Amino acid sequence: MRRLRILLIAAALVLGTGVAVFFVLTEPTRVAAASLGPHTPNLDNGRTMFFAGGCASCHASSKDDPTRLGGGAPLHSPFGTFYAPNISPDPVDGIGRWSEVAFVSAMQDGTSPDERHYYPAFPYTSYQRMETGDLRDLFAYLKTLPAVQGKAPAHELPFPFSVRRAVGLWKMLYLDGRPFRPDASRSAAWNRGAYLVNGPGHCAECHSPRDALGGIVAAQRFAGGPDPEGRGWVPNITGKGLASWSAGDIAYMLETGDLPDGDSVGGTMAAVVRNTAKLSAADRAAMAEYLKSLPPVDGPPRPERK
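Since we're looking at a predicted model, the values are computed, not measured.

A.B. asks: Would you mind showing me how to read the layout of surface pockets here?
C.D. replies: Any space left empty among the atoms is revealed by the rolling of a water-sized probe across them. For the second largest pocket, the calculated volume is near 500 Å³. Lining the second largest pocket are 21 residues, with Thr125, Gln128, Arg129, Asp176 and Arg221 positioned closest to its centre. Counting only elements with at least two residues in the lining of the second largest pocket, the list comes to helix H5 (124-127) and helix H7 (167-174). It is H7 that contributes the most residues to the lining of the second largest pocket, 4 residues altogether. Here the lining of the second largest pocket is built from residues that sort into 9 nonpolar, 5 polar and 7 charged.

A.B. asks: Just checking my understanding: could you explain the pattern of salt bridges for this structure?
C.D. replies: Note that side chains of opposite charge can pair when their charged atoms are close. As enumerated under the stated definition, the model contains 8 salt bridges in all. The partner of Arg116 in a salt bridge is Asp114, and the shortest N-O contact between them spans 3.3 Å. Classification of Arg116 by relative accessible area gives partly exposed; the value is 42%. We note a salt bridge from Arg284 to Glu255, for which the minimum N-O separation is 3.8 Å. Highlighted residues: Arg284 in helix H11 (residues 281-293) and Glu255 in helix H9 (residues 247-256), separated in sequence by 29 residues.

A.B. asks: Is there a simple way to think about the packing of helix H8 (residues 188-198) against H11 in this case?
C.D. replies: Packed helices, taken two at a time, are described by the angle their axes make and the gap between the axes. Two numbers describe how H8 lies on H11: the axes approach to 7 Å, and their chain directions differ by 85°. Regarding the angle of H8 to H11, the classification is roughly perpendicular. Counting all contacts with H8, which are made through Ala189, Trp190, Arg192, Gly193, Ala194, Leu196, Val197 and Asn198, the residues of H11 involved are Asp283, Ala286, Met287, Glu289, Tyr290, Leu291 and Ser293. Residue composition of the contact of H8 with H11, grouped by class: 9 nonpolar, 3 polar and 3 charged.

So, how was this worked out
- Residues numbered from 1 in each chain as written.
- Predicted model: local features only at pLDDT ≥ 70, side-chain atom pairs only at ≥ 80, totals over all residues.
- Heavy atoms only, no water.
- 1 Å grid on protein atoms, 1.4 Å probe; cavity = no way out; pocket = protein on both sides within 12 Å on 5 of 7 lines; lining within 4 Å.
- Points joined across faces, edges and corners; volume = space filled by probe spheres on them.
- Helix = DSSP H or I, 4+ residues; strand = E, 2+ residues; numbered from the N terminus.
- Nonpolar A, V, L, I, M, F, W, Y, C, P; charged D, E, K, R; others polar.
- Salt bridge = Lys/Arg side-chain N within 4 Å of Asp/Glu carboxyl O.
- Buried < 20%, exposed > 50% of the residue type's maximum accessible area, 1.4 Å probe, protein only.
- Axes fitted to C-alpha atoms, helices over the stretch in contact; angles between N-to-C directions.
- Parallel < 35°, antiparallel > 145°, perpendicular 65-115°, else oblique.
- Contact = heavy atoms within 4.5 Å.

See below:
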């Protein structure tokens, strides 16, 4: 009996230590309020970030009005179904009572105002690259849009994916906290395009294959793969997939949705184009210049059509 008691005490100590370590490692982080100095919002820039980020594609609750951001759209995944939240200025159901630092923390750290982890269906792994000033401008712009009542449904996730705290471990692997750094050897337009594509545009989130934990396979970034929602195949947009495209072709597609072969984009890409069409011609050209510069990368093999 004494030996059994010792074993039980040891097991309890190990379990307790493990739980304590888990909670320390998974502690949500937030931006310090003191790190945000004075800022005069630029609403025009906020609008640009809104369309570059495709906010309406996930959060618009009305197909006819992209400014009504009541959320509710489902995002199906191998881990369960996520629902885009209400990000309108409604003070009860949306972000109307959020502080600026709470918004920046959500976008850069994936942490909610009540200090819980957001699931990475919200692409903060890309938004972390955005300049803080752009995020503050975006927040100011969102506050000018109509308030929409109603909360989105709760996520439908089976165990263990329903353990939100465990997302902290996921972040240790995939959220590096590094902002975008311009490449001094490249043109201003290329750097602008790299910023828009990798930051607000979060293009890699759909156009890259993912590993078993749902993280982007870094070696095949932009190389296409299975649609995260299980609806077909997302194309390779490296030099492998866009070899026959010119930068002009890419910019034109981002404006009109028309492809070089006379076809047009469909599915979720059609929603993307509705946003990129509202960007300036210079921004679309910059995105095209960057995408055209990507070296060819082989993506995962595409299944044969039956």
